[in-house]
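Chain by chain, the residues:
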Amino acid sequence: MVYMDYNATTPCDERVFKEMLPYFSKEFGNPSSIYGLARNSRKALETARERVAKLLDCKPEEIFFTSGGTEADNWAITGTAFGMRDKGKHIITSSIEHHAVLNTCKFLEKMGYEVTYLPVDRYGIVDIEALKKSIRKDTILVTIMAANNEIGTVQPIKEIAEIVKGKGVLFHTDAVQVAGKVHLSVKEMGVDMLSLSGHKFYGPKGVGALYVRKGVRLIPFLYGGGQEKGKRAGTENVAGIVGLGKAAEIAMAEMAEEAERIGKMRDDLEKGIKEKIPEIIINGHPEKRLYNTLNVCIKYIEGESILLHLDFEGICASSGSACTSGSLEPSHVLLAIGIPPEIAHSSVRFSLGKHNKREDVAKVLDVLPGIVEKLRKMSPFWKQ
Ligand code: PLP
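For clarity, every value in this text was computed on a predicted model and none was experimentally measured. (Residues numbered from 1 in each chain as written. Predicted model: local features only at pLDDT ≥ 70, side-chain atom pairs only at ≥ 80, totals over all residues. Heavy atoms only, no water.)

Spatially, three strands are ordered S9-S10-S12 in an open sheet, and the strand pairing comes out antiparallel. Looking at strand neighbours, the two that pair on one side only are strand S9 (280-283) and strand S12 (347-351), the edges of this open sheet. Strand-to-strand twist of the sheet, defined as the mean angle between neighbouring strand axes without regard to direction, takes the value 25°. In this fold helix H8 (residues 238-276) packs onto S9, strand S10 (293-298) and S12, with an angle of close to 15° to the strand it touches most, S10. (Pairing = 2+ DSSP bridges. Helix = DSSP H or I, 4+ residues; strand = E, 2+ residues; numbered from the N terminus. Axes fitted to C-alpha atoms, helices over the stretch in contact; angles between N-to-C directions. Contact = heavy atoms within 4.5 Å.)

Right, dumping it as structure tokens:
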């Protein structure tokens, strides 16, 4: 099998899995209890918190564990919205966010909040002038993703943070596709809140974290016991959190080397596709793009058909984001960068990762042109 869908999810690293195992059995103590067994679990949680804090260059007490990226996004947005409703009810985001952000904003609109969806340019970079113009007296939050999951475009987060901070507004970034892939420092970025997710960087599924800068007063997300300083109640997912911590530690040590290796393979794949297949569009920014992501529109055919044929060949890729594949709607991200709907339907995303080898790239380049030729022959729109 050739797996090239690492932006959808990644396999759990063996070292992560090994570190988690005792916390399903022998080390089962509830971190809130007071005896030795429980203290082991508490210690494991705090070690994980320190590791995640190192990954983001922040203090451990600024890390709150969640059930993943979706929860972290929901919490940052609704927590700010409900907590600051006396100051204002206006939120700014971009039109290419993940649905974890977009649908939270849609919910808030139904609750009487106002949301501005910033346009992006043809590469997916947020319109900075539009951002400046949309900040108002009643704006409470700007939430803009660090990098896009579909096309990989990386936003100028530092520049955005400076603009937002100058106006006294809170700034959250969904860094789910960036955390664990590239060096991150919340201090350098200047963000107030940041979301990440374990399963995107070789950790387990169902666990993530929200960084909340000290001094930001975010209201609780879940009510109950006093876990996570009373802000996210419920007995902690100890094994998952331990896994997240280990994944963060491994990422810190290995990401630079991996980035270079994976980046080269992605570039080779892109070059090969451009050489072998006519009438394609490479989506996303040419340089300011995640090094592992290649999103391509192969005109006149359906992305879904290409994916099925690739699957027959044992190649896993995706069209649009995992959450929207299976839907008939063209990707909102591709529409936002100006791709017409009929062409947006022809998109395929290859996202590479740790276990890819050069042979995988060769295999895709070997089978994809034939698949495209076959499908185009059946397409009424293909005139050649
Ligand atoms: N945000 C982005 C940019 C993502 O790519 C994803 C997952 O696809 C999420 C949020 C949701 O994360 P999770 O799957 O951990 O809920």
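Now that the structure has been shown, we can carry on.
Okay, the site of the ligand next. The local shell around the ligand holds 13 residues, among which Gly69, Thr70, Asp174, Ser197 and Lys200 are the closest. Contact distances for the ligand include 2.6 Å between an oxygen atom and a side-chain N or O atom of Thr70. Contact between the ligand and Gln177: an oxygen atom at 2.8 Å from a side-chain N or O atom of the residue. In isolation the ligand has 390 Å² of accessible area, and contact with the protein removes 87% of it. No other element matches the three residues that helix H3 (residues 69-83) contributes to the shell around the ligand. Per-class residue counts for the shell around the ligand are two nonpolar, eight polar and three charged. (Near = heavy atom within 4 Å. Polar contact = N/O pair within 3.5 Å; in protein donor to acceptor, adjacent residues only side chain to side chain. Areas by Shrake-Rupley, 256 points an atom, 1.4 Å probe, with all protein chains shown as cover. Nonpolar A, V, L, I, M, F, W, Y, C, P; charged D, E, K, R; others polar.)

It is worth spelling out the nonpolar core at this point. If you look at the biggest cluster of nonpolar residues, it comprises 67 residues, and the most contacted ones within it are Leu56, Ile63, Leu131, Phe171, Leu194, Leu196 and Phe201. When residues in this core are grouped by element, the largest group, ten residues, is from H8. Three or more residues apiece are contributed to this core by two domains, here domain 1 (2-7 + 255-378) and domain 2 (14-251). Excluding anything up to four places from it in sequence, Phe171 contacts Leu141, Val142, Ile144, Ile157, Ile160, Ala161, Val164, Gly190, Val191, Asp192 and Met193. In this structure, Ile273, Ile280, Val361 and Val367 belong to the second largest nonpolar core, which totals 30 residues. (Core = buried A, V, L, I, M, F, W, Y, C linked by side-chain atoms within 4.5 Å. Buried < 20%, exposed > 50% of the residue type's maximum accessible area, 1.4 Å probe, protein only. Domains from an automatic or database assignment.)

Moving on, we come to empty space enclosed by the protein. Under the definition given, this model contains two cavities of 30 Å³ or more. Estimates place the volume of the largest cavity at around 190 Å³. With seven residues, the top contributor of residues to the lining of the largest cavity is H8. Tallied by class, the residues present in the lining of the largest cavity amount to eleven nonpolar, four polar and six charged. Counting the residues that make up the lining of the largest cavity, at least three belong to each of domain 1 (2-7 + 255-378) and domain 2 (14-251). (1 Å grid on protein atoms, 1.4 Å probe; cavity = no way out; pocket = protein on both sides within 12 Å on 5 of 7 lines; lining within 4 Å. Points joined across faces, edges and corners; volume = space filled by probe spheres on them.)

Attention shifts here to the pairing of strand S8 (residues 208-212). On a regular strand, one side chain projects to one face of the sheet and the next to the other, so that they alternate. Taken across its five residues, S8 has five buried, putting it largely inside the fold. Examined bridge by bridge, strand S2 (residues 63-66) and S8 share four bridges and lie antiparallel to one another. When the sheet's bridge partners are listed, Phe65 is paired in S8 with Ala209.

Two pairing modes exist for strands in a sheet, parallel and antiparallel, and in both the strands are linked by backbone hydrogen bonds. Pairing is mixed across the open sheet formed by seven strands, whose spatial order is S2-S8-S7-S6-S5-S3-S4. For this open sheet the edge positions go to S2 and strand S4 (114-118), each flanked by a neighbour on one side alone. Here the strands of the sheet are splayed against their neighbours by 20° on average, with no regard to which way each runs. Sheet topology places strand S5 (residues 139-143) next to strand S6 (residues 170-174); three bridges connect them, and they run parallel. Counterpart to Val142 in the pairing with S6 is Phe171.

The next point concerns the pattern of salt bridges. The tally for this structure, following the rule as stated, stands at 28 salt bridges. Residue Lys377 is joined to Glu373 by a salt bridge in which the shortest nitrogen-to-oxygen separation is 3.7 Å. A residue pair is termed a helical-turn pair when its members lie 3 or 4 positions apart in one helix, as Lys377 and Glu373 do in helix H12 (residues 358-378) at four residues. When its relative accessible area of 48% is taken as the criterion, Glu373 is described as partly exposed. (Salt bridge = Lys/Arg side-chain N within 4 Å of Asp/Glu carboxyl O.)

Moving on to helix H2 (residues 36-56). Owing to its 3.6 residues per turn, the α-helix brings residues three or four apart onto one side. Its 21 residues give H2 an end-to-end C-alpha distance of 30 Å, which sits within 8% of 30 Å, the value for a rise of 1.5 Å per residue. Those residues of H2 that sit buried are Ala38, Ser41, Ala44, Leu45, Ala48, Arg49, Arg51, Val52, Ala53, Leu55 and Leu56. Those residues of H2 that are buried lie in contact with helix H1 (14-20), S2, helix H7 (186-189), strand S7 (193-197), S8 and H8. Looking at the residues trailing H2, positive phi occurs at Asp57, about 60°. (Expected span 1.5 Å × (residues − 1).)

We now examine unusual backbone geometry. In this model, Glu228 sits at a positive phi of 50°, which is unusual for a non-glycine residue. For Glu228, the position within the fold is in the loop between S8 and H8. A positive phi angle, close to 55°, is found at Glu279, a residue other than glycine. Summarising the element assignment, Glu279 is placed in the loop between H8 and S9.

The next thing to look at is the side chain of Asn356. Within the secondary structure layout, Asn356 lies in the loop between S12 and H12. A distance of 2.9 Å separates a polar atom in the side chain of Asn356 from the backbone oxygen of Tyr3. Once residues within four sequence positions are removed from consideration, Asn356 is found in contact with Val2, Tyr3, Met4, Tyr6, Arg261 and Met265.

On to the packing of H8 against H12. As a packed pair, H8 and H12 sit with axes 10 Å apart at the nearest point and diverge in direction by 20°. In terms of axis orientation, H8 runs roughly parallel to H12. Handedness of the crossing formed by H8 with H12: right-handed. When H8 is examined against H12, the residues Met265, Asp268, Leu269, Gly272, Ile273 and Lys276 are found in contact with a partner set consisting of Arg358, Val361, Val364, Leu365, Leu368 and Pro369. Looking at side-chain class alone, the contact of H8 with H12 contains eight nonpolar, one polar and three charged residues. (Parallel < 35°, antiparallel > 145°, perpendicular 65-115°, else oblique. Left-handed = near helix turned anticlockwise from the far one by under 90°.)

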